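Chain by chain, the residues run as shown.
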Amino acid sequence: MAKKGSEKKGAKVFKTKCSQCHTVEAGGAHKQGPNLFGFFGRQSGQADGYSYSTANKKSGITWGDDTLFEYLLNPKKYIKGTKMVFAGIKKEQERKDLIAYLKASCSTA
């Protein structure tokens, strides 16, 4: 059976692979990538004040565990034309850990 994601391990993944371009706190700044607070359950390309690619805005993707899991494997393949330059995370467990961290850190509840 697949192991669940670890929020603690996900925080390390975020710090090493995502924090250069993204923030997670409410009201956090956009960097090269958008602030991620509140993105779970939201359609892609919707963070106020960030200039998304047309491909991202028109993808129709709603962010959840499954869509994010596939996106993080290979962002450019999942949303053709995205301006996200990140190559992706190949290890399944790292993606699960990162998602667990993002769910806890970016939640509006």
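Report follows, based on the coordinates. (Residues numbered from 1 in each chain as written. Predicted model: local features only at pLDDT ≥ 70, side-chain atom pairs only at ≥ 80, totals over all residues. Heavy atoms only, no water.)

1. What about the overall build of the protein?
- Scanning the protein for helices and strands turns up five helices and zero strands.
- In terms of overall dimensions, the protein is globule-like: its C-alpha atoms have a radius of gyration of 13 Å, near the 13 Å expected for 109 residues.
- For the protein, the spread of C-alpha atoms along the principal axes amounts to about 35 × 30 × 25 Å.
- Looking at the protein as a whole, 38% of its 109 residues qualify as buried.
- Across the protein, every contact between residues at least 6 apart in sequence was considered, and the portion connecting residues at least 24 apart equals 43%.
- For the protein, the exposed surface amounts to about 6,500 Å²; the carbon and sulfur share of it is 54%.
- For the protein, the distance from the average site of its 20 positive side-chain charges to the average site of its 9 negative ones is 5 Å. (Helix = DSSP H or I, 4+ residues; strand = E, 2+ residues; numbered from the N terminus. Rg over C-alpha atoms; globule rule 2.2 N^0.38 Å. Buried < 20%, exposed > 50% of the residue type's maximum accessible area, 1.4 Å probe, protein only. Contact = heavy atoms within 4.5 Å. Areas by Shrake-Rupley, 256 points an atom, 1.4 Å probe, with all protein chains shown as cover. Lys, Arg positive; Asp, Glu negative; His and termini not counted. Charge placed at Lys NZ, Arg CZ, Asp CG, Glu CD.)

2. Details of a positive patch on the surface
- Taken together, Lys3, Lys8, Lys9 and Lys12 make up a surface patch of like positive charges.
- In this structure, Lys8 sits in helix H1 (residues 7-17). (Patch = residues over 30% accessible without salt bridge, like charges linked within 9 Å, V, L, I, M, F, W, Y side chains within 5 Å. Salt bridge = Lys/Arg side-chain N within 4 Å of Asp/Glu carboxyl O.)

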